[in-house]
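Structural overview
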Amino acid sequence: MTDSKYFTTTKKGEIFELKAELNSDKKEKKKEAVKKVIASMTVGKDVSALFPDVVNCMQTDNLELKKLVYLYLMNYAKSQPDMAIMAVNTFVKDCEDPNPLIRALAVRTMGCIRVDKITEYLCEPLRKCLKDEDPYVRKTAAVCVAKLHDINAQLVEDQGFLDTLKDLISDSNPMVVANAVAALSEIAESHPSSNLLDLNPQSINKLLTALNECTEWGQIFILDCLANYMPKDDREAQSICERVTPRLSHANSAVVLSAVKVLMKFMEMLSKDLDYYGTLLKKLAPPLVTLLSAEPELQYVALRNINLIVQKRPEILKHEMKVFFVKYNDPIYVKLEKLDIMIRLASQANIAQVLAELKEYATEVDVDFVRKAVRAIGRCAIKVEQSAERCVSTLLDLIQTKVNYVVQEAIVVIKDIFRKYPNKYESVIATLCENLDSLDEPEARAAMIWIVGEYAERIDNADELLESFLEGFHDESTQVQLQLLTAIVKLFLKKPTETQELVQQVLSLATQDSDNPDLRDRGYIYWRLLSTDPVAAKEVVLAEKPLISEETDLIEPTLLDELICYIGTLASVYHKPPSAFVEGSRGVVHKSLPPRTGSSESAESPDAAPAGVQPSEQPAVIPTQGDLLGDLLNLDLGPPVSGPPIAASSVQMGAVDLLGGGLDSLLRSDVGGSPAMGGTGFAAPSTVVPANLGAPLGSGLGDLFDLTGGVGTLSGSYVAPKSVWLPAMKAKGLEISGTFSRQVGSISMDLLLTNKALQVMSDFAIQFNRNSFGLAPAAPLQVHTPLAPNQSVEISLPLNTVGSVMKMDPLNNLQVAVKNNIDVFYFSTLYPLHILFVEDGKMERQMFLATWKDIPNENEAQFQIKECPLNADAVSNKLQGSNIFTIAKRNVEGQDMLYQSLKLTNGIWVLAELRIQPGNPSFTLSLKCRAPEVSQHIYQAYETILKN
């Protein structure tokens, strides 16, 4: 008899009958009744009224019945917490049952009941079960700690369960070890700052021993944990790799990918000259190839991961091209992914094979796939120069097929080939022109018009061809209209006598009859250029074009390194870091690969750590585009909500803790105020009363203070020269250079926008991602007139510090999105911390003394400032210009000691002692602060100010 009968009753008065059955003396009848209750619960009926009766059935030796009652309890304990307490005694009793299955069942169920009142009673049984002699009970208890931590983290810490969990990593049973690792990893994920998995060579050794005997999911937990470990040298990295390699032959694809992740990560530390490095490369290929014989969904996940691996280390799969050839019955998503990897692996050695395959694909029936195959041929031509000729002839053969969409894709890629190899393949233009009439897609029409305009001098009837497009000018898409305008102007500059009427016609269509601002602006620019200075027009319009690069779709290197650390997870399928798609990703830690061993970075290289910095503190590379997508893509790029234009920090802040419990907002930790100051916490940055300086910064004040960082700087704060933040290559022709400055209490971002594209730029807007100090634009980004090609404009953007706060890595990283009429562009830059030093940062002497003693010694950091030939007074004056105030000066044994204080915009105080030995250009700087994270950046500010 099946269990379906329990789901078929629909009688009235059912609850009443069930109540009677539950209280029956017959065991069988009781069991049947509980099954009916569970069935009703499963289909969504409310059977909570039976709670006391079901709980009475707990007192039984029958394991099946016990399981059913526990299931019911888990479901209804939350809605009936007071009744659930009745069951506690039974749980406690069951945790001491001679049968380990019942002990484990009891502790597992208690962990699933998310009721605060019950969790307190859970502690004692859980403590016993964690030390139980049966491994099955211990492994269940380990997971229960993670569940309990989720309900009440404080309780778990107070009861010392975390230490017991750490001890379980040394357990003799591999399953217990795996569950302990899983539980600790889970807890560590929600508390990134806590160093729970304190891994050292001894514990790593235990994990590797357990790895061989675990179940497959246990192995995955252990491998993921290993991937977060940083070996102390290449010897250790190699020995871990050797012990992880056997996992590559596991039947479970998740185990394989987790092992690949560990190996990819630790390979960074191995020197490429090692024999073992070559062996490892050879061992990595077969498991990846094997993954491609799984079902299509698994293949897709494997291919997305392989795509990352090939970008990081193409040598692993360079001889495996054949496995990426498309099968006729592959689903389209697998086909497209394979194509992508084929192009990444294409090289001189295998290009003939690849081209033969691609040509075959171009005759398939699936239109999307055919288009991608034709594009792939073009990408191969651009990537492998020796194959370009063969690719072009293949594309010409495809054009001869006269299949409409094939012809159109071929023309689009031939345009790119012309841009990569100018004056080489122009002989094919005649063939392209024959197919003009069949083009109906905007991209193909635009590509063809570009070709006709670019090579007008080689095409006898270029004017007729372009004229044929003009007839339906207003029905064309913007892309085609813009291309047509530029092409006819090029034609006119090459053959002025024959095409005068044509150029006038297109200019009037673009300027007078069009309501598209981009088109109108471009039309007016050409019109003015041609009417005022034809020679300049020729230089601008017919300028040399830069060659296009081969791999335009590679993932940016720092993002790629982060994604390699997430192989086998969703991030590796989306090709986005977790912070971009995990809701509430406060707990997502940015991961990065270990530094390469044996890399020849000299001390002079800009990435080498500055003097006095511990290697571990070396600032991470600034994340670029990929990392920024997370928050910036969700932003509405309208003008920012304008806060006060200038937050003057000379305003006294009410009950703000002088010593900066401001950490709360910066570091999201629970540091209160200092005990000496009555422990008041720091008020949120937005509570600072803004003092408005009367005029917005964009008006006359801009000229008065010469905001480009020149003579009239009142406060004398050092302004660094502008550097390029966003190169034109990455932003479709928009180049952004900039610097930060602070004048009389107001911070500004001084920008130079340059248009290096061929079209006008307008509709600028700017937005900042959340950052460590809440920097945000205080006014919209105002570019009053559209930015014409080759023009630049200087803008001073006032900033305030009342934006959202999120701790960044490095601390002074600012991620910016800039929008214009072309696209949204992302970049990140590091702001110097001295722009956040406020004007009321001078501390009273007594307060300085008390505070210096009050801050613990482990918060003190020492740095060396070298090659600074200034004396103590010059140093003091120079630093005061940037709001670092000298409170006292003493001479001790011939050394000048300067005691200084400064305050950041979020209320954090930093105290400094600067030792200057007359005649010695090296100074010693000691910094004390309640937020030691800022010390490194304060030291850099000192360096910058003193050496410039």
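Residues numbered from 1 in each chain as written. Predicted model: local features only at pLDDT ≥ 70, side-chain atom pairs only at ≥ 80, totals over all residues. Heavy atoms only, no water.

Rules: UniProt positions are given in the numbering used here, feature names are shortened, and annotations may be inferred rather than shown by experiment.
The name that an unreviewed UniProt entry assigns to the protein is AP complex subunit beta, with the source organism given as Alligator sinensis. Here is the UniProt Sequence similarities (unreviewed entry) comment for the protein, exactly as written: "Belongs to the adaptor complexes large subunit family."

**Description of the packing of helix α26 (residues 462-470) against helix α27 (residues 478-494)**
Just so we agree on the cut-off: As a rule, the C-alpha atoms of each element are fitted with a line to give its axis, helices using only the stretch in contact, and angles between N-to-C directions run from 0 to 180 degrees. Secondary structure follows DSSP: runs of H or I at least 4 residues long count as helices, runs of E at least 2 residues long count as strands, and numbering of each begins at the N terminus. Every angle not falling under 35 degrees, over 145, or within 65 to 115 is termed oblique; those three ranges are roughly parallel, roughly antiparallel and roughly perpendicular. By convention, the crossing between two helices is left-handed when the near helix turns anticlockwise from the far helix through less than a right angle, and right-handed when the turn is clockwise. By definition, residues are in contact when any of their heavy atoms lie within 4.5 Å. Gly is put with the polar residues, along with every residue not named as nonpolar or charged; the nonpolar set is Ala, Val, Leu, Ile, Met, Phe, Trp, Tyr, Cys and Pro, and the charged set is Asp, Glu, Lys and Arg.
The N-to-C vectors of α26 and α27 enclose an angle of 155°; their axes lie 11 Å apart at closest approach. Classified by the angle between their axes, α26 and α27 sit roughly antiparallel to one another. Here the hand of the crossing between α26 and α27 comes out left-handed. Contact residues: α26 offers Ala 462, Asp 463, Leu 466, Phe 469 and Leu 470, while α27 offers Leu 484, Ala 487, Ile 488 and Leu 491. Here the contact of α26 with α27 is composed, by residue class, of eight nonpolar, no polar and one charged.

**A look at the sheet that holds strand β8 (residues 824-830)**
To be explicit about the condition: Following DSSP output, two strands are said to pair if at least two bridges run between them.
The strand order across the open sheet built from three strands is β4-β7-β8, with neighbouring strands paired in antiparallel fashion. The open sheet terminates on both sides in strands that have one partner only, identified here as β4 (765-768) and β8. Along the sheet, successive strands turn relative to each other by an average axial angle of 25°, direction set aside.

**Section: the side chain of Gln 219**
The cut-off we apply is this: Each residue's exposure class comes from its accessible area (1.4 Å probe, protein chains only) as a fraction of the maximum for that residue type: buried when under 20%, exposed when over 50%, partly exposed otherwise.
Considering the arrangement of structural elements, one finds Gln 219 in helix α14 (residues 216-227). Here Gln 219 falls in the buried class, since its relative accessible area comes to 3%. Those residues in contact with Gln 219, other than ones at most four positions away along the chain, are Leu 211, Cys 214, Arg 247, His 250 and Val 255.

**Brief notes about the packing of aromatic side chains**
Let me state the cut-off plainly: To pair, rings of Phe, Tyr and Trp, with the six-membered ring standing in for Trp, must have centres within 6.5 Å; the planes then decide the type, stacked if under 30 degrees apart, edge-to-face if over 60, and tilted in the middle.
Here the structure, examined in full by the defined rule, presents 14 aromatic pairs. Plain terms: the ring middles of Tyr 421 and Tyr 425 are 6.2 Å apart, the flat faces sit at 85° to each other, and that makes the pair edge-to-face. Comparing Tyr 421 with Tyr 425 shows no difference in burial state: the two are buried. With a centroid separation of 5.9 Å and 25° between ring planes, the pair formed by Phe 848 and Trp 852 is classed as stacked. Here Phe 848 and its partner Trp 852 are both found in helix α36 (residues 845-854), four residues apart, which amounts to about one turn of the helix. The burial state of Phe 848 is the same as that of Trp 852; both residues are buried.

**Side note on the sheet that holds strand β2 (residues 734-743)**
One key point about sheets: their strands pair by backbone hydrogen bonds, in either a parallel or an antiparallel sense. Pairing is antiparallel in the open sheet, where five strands are placed in the order β1-β2-β3-β6-β5. Of all the strands in the sheet, the pair left with one neighbour each is β1 (723-726) and β5 (776-777). In terms of strand pairing, β1 meets β2 through three bridges, oriented antiparallel. Bridge pairing in β2 links Leu 726 to Ile 736.

**A look at unusual backbone geometry**
In this structure, the amide linkage connecting Asp 809 to the following residue, Pro 810, adopts the cis form with an omega of -5°. Following the sequence through the fold, Pro 810 ends up in the loop between β6 (792-800) and β7 (813-819). Of note in this structure, Asn 790 is not a glycine but carries a positive phi near 65°. Looking at the element boundaries, Asn 790 is found in the loop between β5 and β6. Note on Asn 790: relative accessible area 58%, which makes it exposed.

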